[in-house]
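Structure at a glance
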Amino acid sequence: MQENEVSAYISRGFLRLVSSVLTESAFDIQERRFLLRELRVQKKKIRLRKKQESAGLHIPPFLIASITERCNLHCKGCYARNSGFCTEHPKEIPLSAAEWIRIFSEAEELGISAILLAGGEPLLNREVVFAAAELSDMIFPVFTNGTLFDEEMTALFSKSRNLFPVFSIEGNAAATDFRRGAGVFEKVSEAASALYKAGVLFGVSVTVTSENCADVSSDAFFSALVSAGAAVLFLVEFTASNESERGLELSAEHRRYLAERLSIARMQYRSLWFLSFPGDEEFMGGCLAAARGFFHINPFGAAEPCPFSPFSDRNLKNCSLKEAISSPLFRRISAAELTKIPHDGGCALAGKADEIEAMIK
């Protein structure tokens with residue numbers, strides 16, 4: 001599948017997602033008005049990306065922006081913290097709020113549909129989150145651990161429906177608290193409940209490991225999410241940051257089982273939209289990283305293929321977003337077809353560090 005076909009596939013999927021939520025979910029009138037407006041906005045952005053594609057510039061449909069290197073939790077097996085990416089003592093100067101706002105504005109002009117706000121914990125950089133809320137034509141899924149929600153945050157997400165909260169859990173209360181800390185699941189549940197009562201659309205993200213695969217793909221788990229009011233479930237396969245964690249990665253049998261369960265669940269739970277990574281990438285011809293479908297901007301401005309492949313030849317501190325998208329590194333990764341090579345789960349580029357470093361040199 002070529003880059004323009006990937007963009008079209010993702011665009012169609014996004015429009016189906018919005019349409020499905022409108023049809024199946026019973027959220028408040030403000031949410032429905034936002035989604036109806038968003039259908040028009042996204043169709044316009046799709047046309048803009050097609051126009052630029054015909055002129056030789058491929059614009060990925062979405063970005064991942066890690067807007068802070070800080071986090072208030074110390075989750076077991078955290079890739080970002082184990083890799084030194086998430087830290088209270090950064091060796092570089094993070095992007096300022098003004099720089100992030102400039103990047104978001106450029107993304108809007110280029111026709112990018114959504115920017116996933118991550119970290120660290122993104123709610124620790126409230127200035128950027130509040131600024132993102134003002135860009136009403138851009139959707140910002142905010143991947144949060146859910147422990148920092150207060151009245152101010154609930155009010156912001158209620159008012160600004162382009163901010164889409166996504167709560168990270170590990171499955172049930174025991175599994176979540178084991179990895180994330182005692183009492184975390186309860187705090188997440190309270191935050192989700194407050195948003196649901198306010199009529200706000202929200203999602204849930206789960207890192208799928210060999211230990212929780214069966215639980216987080218069970219009918220009991222899916223039913224609990226539907227009852228809680230979740231509209232989207234992101235299932236992201238665990239990627240080890242060191243050899244001691246390899247046992248937590250999914251085996252081929254695990255991945256087959258997960259795919260089978262999702263195939264059934266997508267028919268059974270119509271109000272819950274399922275997104276699986278890298279599982280769903282199989283239908284898009286391979287990994288979406290390196291600007292094929294997205295790329296990652298780390299807290300210090302480096303444009304990277306993805307969060308699990310921290311290599312860069314462009315920094316947004318001294319280049320435009322358009323220049324970052326046209327990164328020679330991304331082009332070389334694409335030319336070498338590294339993102340299309342079949343892999344055994346997790347990040348397709350994580351085990352190709354030597355090849356990518358050679359491309360930079």
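Figured I'd write up the structure that's included with this text.

Analysis parameters
The numbering scheme is per chain: residues are counted from 1 as the chain's sequence reads. The predicted nature of this model means local features are confined to residues of pLDDT at least 70 and side-chain atom pairs, given and counted, to a pLDDT of 80 or more, with totals for whole chains, interfaces and linings taken over all residues. Computation of side-chain values: all heavy atoms of the structure, hydrogens and water removed. Two cysteine sulfur atoms make up a disulfide if the distance between them is within 2.5 Å. Whether a residue is buried, partly exposed or exposed follows from its accessible area with a 1.4 Å probe, protein chains only, as a fraction of its type maximum: under 20%, in between, or over 50%, in that order. Runs of H or I in DSSP of at least four residues are treated as helices and runs of E of at least two as strands, each being numbered from the N terminus. Here a strand pair is declared whenever DSSP counts at least two bridges between the two strands. The handedness of a crossover follows from its direction of travel: if, with the strands pointing away from the viewer, the path from the first strand over the helix to the second runs clockwise, the crossover is right-handed. Any Lys or Arg side-chain nitrogen found within 4 Å of a carboxyl oxygen on Asp or Glu counts as a salt bridge. We call two residues in contact when some of their heavy atoms are within 4.5 Å. Every axis corresponds to a line fitted to the C-alpha atoms, with the helix fit spanning only the stretch in contact, and the corresponding angles, defined between N-to-C directions, vary from 0 to 180 degrees. Each angle is binned into one of four classes, with values under 35 degrees roughly parallel, values over 145 roughly antiparallel, values of 65 to 115 roughly perpendicular, and all other values oblique. Here a crossing is taken to be left-handed if its near helix is turned anticlockwise relative to the far helix by less than a right angle, and right-handed if that turn runs clockwise. Classes in brief: Ala, Val, Leu, Ile, Met, Phe, Trp, Tyr, Cys and Pro nonpolar; Asp, Glu, Lys and Arg charged; the others, Gly included, polar. Side-chain atoms within 4.5 Å are what join buried Ala, Val, Leu, Ile, Met, Phe, Trp, Tyr and Cys residues into a set we call a nonpolar core.

In total, this model carries zero disulfides according to the counting rule given. No disulfide involves C75; its sulfur sits 6.0 Å from that of C78, the nearest cysteine.

For strand β6 (residues 232–237), the buried fraction is high: five of the six residues fall into the buried class. Strand direction decides the pairing type here: strand β5 (residues 203–208) and β6, joined by six bridges, are parallel. Its bridge partner lying in β6, G203 is registered against V232. As paired elements, β6 and strand β7 (residues 273–277) share five bridges and run parallel to each other. Paired with V236 across the bridge in β7 is F277. This β-α-β element, β6 to helix α11 (residues 252–268) to β7, shows right-handed connectivity.

A few words now on the pattern of salt bridges. Oppositely charged side chains can form a pair if their charged atoms are brought close together. Taken as a whole and judged by the stated rule, the model has ten salt bridges. A salt bridge links E152 to R126, with the nearest nitrogen and oxygen atoms 2.7 Å apart. Highlighted residues: E152 in helix α6 (residues 151–159) and R126 in helix α5 (residues 126–133), separated in sequence by 26 residues. Ionic contacts of the salt-bridge type, sharing partners, join the residues R126, D150 and E152 into one network.

Every buried residue of α5 is accounted for by V128, V129, A131, A132 and A133. Among the structural elements, α4 (97–110), β2 (114–118), β3 (140–144), α6 and β4 (163–169) are those in contact with the buried residues of α5.

α5 packs onto α4 with a crossing angle of 30 degrees between their chain directions and a minimal axis gap of 9 Å. The angle between the axes of α4 and α5 places the two elements in the roughly parallel class. As α4 packs across α5, the resulting crossing turns out to be right-handed. In contact with A97, W100, I101 and F104 of α4, α5 contributes E127, V128, A131 and A132. When the residues that make up the contact of α4 with α5 are grouped by side-chain class, the tally is seven nonpolar, no polar and one charged.

Here we come to the pairing of strand β1 (residues 62–66). Within β1, five of the five residues are buried, which leaves it mostly tucked inside the rest of the structure. Side chains of β1 alternate between two faces, with F62, I64 and S66 and L63 and A65 buried alike. Bridge analysis of β1 against β2 gives five bridges, and the strand direction is parallel. By the bridge assignment, F62 is partnered in β2 with A114. Here β1 pairs with strand β8 (residues 296–297) via two bridges, running parallel. Residue A65 lies in a different strand from β8, and its bridge partner there is I297.

On to the nonpolar core. Grouped together as the largest cluster of nonpolar side chains are 102 residues, with contacts concentrated most on F104, I115, L233, F295 and L321. When residues of this core are assigned to their parent elements, the largest contribution, six residues, is made by α4. In contact with F104, not counting residues within four places along its chain, are A65, I67, I115, L117, V128, A132, L135, M138 and F140.

This is a description of form; function is not addressed.
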